[in-house]
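Notes for the structure review
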Amino acid sequence: MRVPEQDAAESAPQVVSAFLERRKEQIAQRWADAPLFRSVFTVSRDEAVEACKAVLDALSDVAASGQLENITAPGFTPVRDQLGRMTQSRTRTGSTPAQIADEVAALRVPVVDLLREEFTDPATAQAQELVMALTLLLGTLRLVVMETALDANAELIERQRQQLLEVATPVIKLWEGTVAVPLIGTLDSARSQVVMESLLEAIVDQRARYAILDITGVPTVDSLVAQHLMKTVAAARLMGAECIVSGIRPAIAQTIVQLGIDLGSVLTRASLSDALAYALGKQGIEVSRADTSASAR
């Protein structure tokens, strides 16, 4: 067994780098059976081994640079995406961040065992120095994994938030040339932007001449909400559609008056049905109640 002799020209990180490169195959074979890799690469063990080798190459590069405790070291760049996908996969299966951190920490044992095997006496000062350097490096890997996991989760949460906004603001085709957006809940800046984009896309796709913004489900209207509504109405007009705001309840009407908000340029109707009747009437379509007296007799 080769003992990694450390001469005066070599630092402990450089020796650790050489060790990782030399024993890469053996370490990868052991890591491939660890929960962190085995639970992600369930189809092919060879894929797990290759993923382990990629991580070991990154660790070797970081050690060679001497930046054992630097989570931003360039050597980690090639494997950050892979680590992010792995942690996302573990999260989807119900693993908590603490469990993932423990799984990364568990990778230390087989590597340290292999390093100690290279020494006749693992208790020497040189062996202890190298074990310490390797421990620092694997601790940094743990931090990199957690940072990558948090970034990936933040991106996932943002995508889900955007999807929820889109689901919460559906554009409905009520009639040929008429679309509506029934708004429910608080209308903030982010959601207002989604409303505007969705409505304008629907106007183009449906060739709509009339667009109804129904705010029956909006609990309160302040100056910011009113401003968003005005912008949406103006954008719809630029697209060639007449915009109608419906569902202004008495309490909201009083609030608008008290705030001194001018909606004089905005066409309003009391309810969604009234707005639809207006839009249909402008298109020459008359809606009347069916005569049920004859059928009753």
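Summarised in this report is the structure supplied together with it. Residue positions are given per chain, counted from 1 along the sequence in the order it is written. Local features are withheld for residues below a pLDDT of 70 in this predicted model, meaning they are given only at 70 or higher, and side-chain atom pairs are given and counted only at 80 or more; totals for whole chains, interfaces and linings count all residues. In computing side-chain values, all of the structure's heavy atoms are included and hydrogens and water are not.

**Considerations on the sheet that holds strand β2 (residues 178-184)**
- Strand order in the open sheet formed by five strands is β1-β2-β3-β4-β5, and the pairing between neighbours is mixed. At either margin of the open sheet sits one strand with a lone partner, and together these are β1 (172-175) and β5 (267-269). Geometrically, the sheet is characterised by an average inter-axis angle of 30° between neighbouring strands, direction not taken into account.
- Two strands make a pair as long as DSSP finds a minimum of two bridges between them. Secondary structure elements follow DSSP: runs of H or I of four or more residues count as helices, runs of E of two or more count as strands, with numbering from the N terminus. Pairing of β1 with β2 involves three bridges; the strand directions are antiparallel. Pairing of W175 across the sheet is with T178, part of β2.
- The contact definition used throughout considers only heavy atoms, calling two residues in contact when any of these lie within 4.5 Å. Between the N-to-C directions of two axes lies an angle of 0 to 180 degrees, each axis being a line fitted to C-alpha atoms and, for a helix, fitted only over the stretch in contact. Across the sheet, helix α9 (residues 189-206) touches β1, β2 and β3 (210-217), and the angle it forms with β2 is around 165°.
- Here helix α10 (residues 223-238) sits on the sheet in contact with β3 and β4 (242-246), set at roughly 165° to β3.

**A closer look at the packing of helix α2 (residues 24-31) against helix α7 (residues 108-117)**
- Between α2 and α7, the shortest axis-to-axis distance is 10 Å and the interhelical angle comes to 145°. As α2 runs across α7, the sense of the crossing is right-handed. Two secondary-structure elements touch here, α2 through Q26, I27, R30 and W31 and α7 through P110, V111, D113, L114 and E117. In a left-handed crossing the near helix is turned counterclockwise from the far helix by less than a right angle, and in a right-handed crossing that turn is clockwise.

**Brief notes about the nonpolar core**
- Core analysis: the biggest nonpolar cluster contains 49 residues, and L20, W31, F37, L59, L134 and L141 have the highest contact counts within it.
- Contributions of two or more residues to this core are made by α1 (12-22), α2, α3 (35-38), α4 (45-65), α5 (77-92), α6 (97-105), α7 and α8 (125-168).
- With 11 residues, α8 is the largest single contributor of residues to this core.
- Contacts of L134, omitting those with residues within four sequence positions, involve V16, F19, L20, V111, V112 and L115.
- Within the second largest apolar cluster, 29 residues are counted, among which are I203, V233, A235 and I261. Nonpolar cores are built from buried Ala, Val, Leu, Ile, Met, Phe, Trp, Tyr and Cys residues. Side-chain atoms within 4.5 Å join them into one set. For the exposure calls, accessible area comes from a 1.4 Å probe over protein chains only, and a residue counts as buried if that area is under 20% of its type's maximum, exposed if over 50%, partly exposed in between.

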